[in-house]
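Each chain, written out:
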Amino acid sequence: MNKKDQEFLKKKLLLEKTELEEELSSVGQRNPAVAGGWEATSKGIEVDAADENEVADKFEEYEENAGILKRLEDQLIEVKAALERIETGNYGICETCQKPIEKERLEANPSARISLKHLH
Ligand SMILES: [Zn+2]
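Residues numbered from 1 in each chain as written. Predicted model: local features only at pLDDT ≥ 70, side-chain atom pairs only at ≥ 80, totals over all residues. Heavy atoms only, no water.

(A) Helix 1 (residues 3–27), seen in detail. Along its 25 residues, helix 1 runs 36 Å from first to last C-alpha, staying within 8% of the 36 Å computed at 1.5 Å per residue. Along helix 1, the residues classified as buried are Asp 5, Leu 9, Leu 13, Leu 20, Glu 21, Leu 24 and Val 27. Looking at the buried positions of helix 1, the neighbouring elements they touch are strand 1 (28–30), strand 2 (38–40), helix 2 (52–88) and helix 3 (103–108). Two or three places before Lys 4, at the opening of helix 1, Asn 2 has a side-chain oxygen 3.1 Å from that residue's backbone nitrogen. (Helix = DSSP H or I, 4+ residues; strand = E, 2+ residues; numbered from the N terminus. Expected span 1.5 Å × (residues − 1). Buried < 20%, exposed > 50% of the residue type's maximum accessible area, 1.4 Å probe, protein only. Contact = heavy atoms within 4.5 Å. Polar contact = N/O pair within 3.5 Å; in protein donor to acceptor, adjacent residues only side chain to side chain.)

Below, the structure is given as structure tokens:
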């Protein structure tokens, strides 16, 4: 892969990282103490326990946020790993066969770790 292509994909990855972090902050908050660095929130879940229905709603909201959060977090981990591979010069190399990953595949999914052919 040439430097220009890699720069282009790096920009895409950085943009994706920013977007994922924005989405994460809408369903959770940063917590360096937990794996992945994010935890789900539900505004007001800890207060106002008088109304049982409200507590149930809040809990449901929390569960839902936790599910979304996990998915976003996984994506963010992949994006960060790809950016790291750019820094170390291992970007775009298939982890399975050590050959370059198809350019089209990286354009569609810049954080891809393996070539398309292994997915079938
Ligand atoms: Zn491969």
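(B) Up close: the pattern of salt bridges. Counting across every chain of the model gives 6 salt bridges. Note that Glu 87 and Lys 10 form a salt bridge whose closest N and O atoms lie 3.3 Å from each other. Separated by 77 residues along the polypeptide, Glu 87 in helix 2 and Lys 10 in helix 1 bring together distant segments of the chain. When its relative accessible area of 22% is taken as the criterion, Lys 10 is described as partly exposed. With a shortest N-O distance of 2.7 Å, Lys 70 and Asp 74 are connected by a salt bridge. With a gap of 4 residues between them, Lys 70 and Asp 74 both fall in helix 2, about one helical turn apart. By relative accessible area, which is 44% here, Lys 70 ends up partly exposed. Through salt bridges that share partners, Glu 78, Glu 95 and Arg 113 make up one connected network. (Salt bridge = Lys/Arg side-chain N within 4 Å of Asp/Glu carboxyl O.)

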